[in-house]
Structures are given as structure tokens and as C-alpha cells.
Amino acid sequence: TALLASLAAYTLGRYEAKWNRPIYYLFLVGMMIPVHLTLIPLFVAANSLHLGDNLPGLVIIFTAFMTPFSIFVLTSFFRSLPGELADAALIDGCDEFGLFWRIMAPMASPGIITVSLFNFFWVWNEYILTLIMITSPEKRTLPLGIYNLAVASTFTVDWGALFAGLTLLMVPTLIIFVVLERRIVSGITVGAFK
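Residues numbered from 1 in each chain as written. Predicted model: local features only at pLDDT ≥ 70, side-chain atom pairs only at ≥ 80, totals over all residues. Heavy atoms only, no water.

Enquirer: What is the right way to read the pattern of salt bridges from this model?
Expert: If the charged atoms of two oppositely charged side chains come close together, the side chains can form a pair. The full count for this structure, using the stated rule, is one salt bridge. Here Asp87 makes a salt bridge to Arg14, at a shortest N to O gap of 4.0 Å. Of the two residues, Asp87 is situated in helix α5 (residues 83-91) and Arg14 in helix α1 (residues 2-14); the sequence distance between them amounts to 73 residues. With a relative accessible area of 22%, Arg14 lands in the partly exposed category. (Salt bridge = Lys/Arg side-chain N within 4 Å of Asp/Glu carboxyl O. Helix = DSSP H or I, 4+ residues; strand = E, 2+ residues; numbered from the N terminus. Buried < 20%, exposed > 50% of the residue type's maximum accessible area, 1.4 Å probe, protein only.)

Enquirer: What should I look at first to understand the packing of helix α6 (residues 96-107) against helix α7 (residues 109-125) in this one?
Expert: To characterise two packed helices, one gives the angle between the axes of the helices and the distance between these axes. Their axes nearest at 5 Å, the elements α6 and α7 cross at an angle of 70 degrees. By the angle class used here, α6 and α7 are roughly perpendicular. Note on element contacts: α7 touches α6 through Ser109, Pro110 and Ile112, opposite Ala105, Pro106 and Met107. Taken together, the residues of the contact of α6 with α7 break down into five nonpolar, one polar and no charged. (Axes fitted to C-alpha atoms, helices over the stretch in contact; angles between N-to-C directions. Parallel < 35°, antiparallel > 145°, perpendicular 65-115°, else oblique. Contact = heavy atoms within 4.5 Å. Nonpolar A, V, L, I, M, F, W, Y, C, P; charged D, E, K, R; others polar.)

Enquirer: Before we go on, may I ask you to explain the environment of Ala9 in this structure?
Expert: Structurally, the position occupied by Ala9 is in helix α1. Each C-alpha atom of the pair Ala9 and Ile61 lies 20 Å from the other, and the pair is 52 residues apart in sequence. Here Ala9 is in contact with Ile71, Leu74, Thr75 and Phe78, once residues within four sequence places are set aside.

Enquirer: Looking at this model, I keep getting lost on a nonpolar patch on the surface. Mind explaining?
Expert: A grouping of Leu3, Leu7, Phe97 and Trp101 is seen on the molecular surface, where their side chains present a nonpolar patch of about 410 Å² in accessible area. Sorting the residues of the nonpolar patch by element identifies α1 and α6 as the ones contributing at least two each. Taking the relative accessible area as the measure of exposure, Leu7 reaches 36% and is therefore partly exposed. (Patch = residues over 30% accessible without salt bridge, like charges linked within 9 Å, V, L, I, M, F, W, Y side chains within 5 Å. Areas by Shrake-Rupley, 256 points an atom, 1.4 Å probe, with all protein chains shown as cover.)

Enquirer: Would you mind going over the packing of helix α2 (residues 20-32) against helix α4 (residues 55-80) with me for this structure?
Expert: Look at α2 against α4: their axes get within 8 Å of each other, and the N-to-C directions meet at 140 degrees. One finds that α2 runs oblique with respect to α4. Along this stretch, α2 crosses α4, giving a crossing that reads as left-handed. Touching Tyr24, Phe27, Leu28, Gly30 and Met31 of α2 are Thr67, Pro68, Phe69, Ile71, Phe72, Thr75 and Arg79, all from α4. Class assignment for the residues of the contact of α2 with α4 results in eight nonpolar, three polar and one charged. (Left-handed = near helix turned anticlockwise from the far one by under 90°.)

Encoded structure:
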């Protein structure tokens, strides 16, 4: 999602064309549509395209839902980057692809890392969309597994197993947050000032 969104945000943020603003607003409208409103049509469409009850279909759906937010955040990063560096790179013989990969993407790395982390946290903790789309027990994600662990015993709860599962669910996000805390804060504050 971050790769796809960074390419789109670079194009929307760097180039002035008559179609940039309507496409940007179209992504904003996509960000305003709640996930819960689309559950039934999404389920029907995914099953008709044979994307229901499989993990690649779930990846495609997650990417579609996270792309508007990622483009919204990253477009402001790419708009704020100095155009003089891009012009100098183009004069020195860099092509557009090289300009993005060698100059603009490294300069926008705080935003790309922040968006990637927000997307990771959302996907890691997502429950309702996965509950609707995945029906096979062997393909369940961790939030679905913990829910099934909680309701498996009808009148008694195995608190030890439940808290072990919650810890297993929580530890990766805590490790990522502790390791990348400075990058998250710098990415958010750079985006706020730009």
C-alpha cells in the first residue's frame, strides 16, 4: 500500500495537471466511506470474483481501503519537497523513475514510514472486515482467533489462554512502536508543519 500510494502521491503532489485535483478529491471521498457501509456489497463482489475466503483477496481489499488515507498523507509530503532538487536532478540526466527512487522517496521517507506503520497497525488489529471475508478456520487472523478462543468455552473462560493470545497480539505492535518511535513522531510532526 505504501509503494502504490507513494507513487500516486508523488504524481499528484509534484505535477500540476487539470486532472490532479479531481483525482485527489476522489481519493478523499474514498477515505470518507466507512468500512461498515460496504460490508455486504464487498462480500458479494469478492465472492463473485473468487476473492472471498482467501488471504490474497483480503490483501487486495485491505490495500483498497488503506490507499486513500496513504495518498492523503503522502501527497502533502511530496508537495512540500523542494522542486529545485528535482529540477537539478533532471538537468543532471536523471529520468523520472530515478528521480522518484533516488531523490524524492528518500526525502519523503518519514511520511512513508509513518503511513506504513499506521497501515500495519490497522491491518494487524482489523476485526470486522476479516470476520465477514474469512470463513475458513485455518485462514483466520489473530483477532478472529482470539475472539474464537473467548467464545469457544460457552460458560467458562480460560483466562490464561485468552491473555496469552492477547499478549501475542499486542507484542509485535509494541516492539515496532518502541523501535520506530522517533520516526513515527518525526513523520507526524513533519507532516503537520508541511
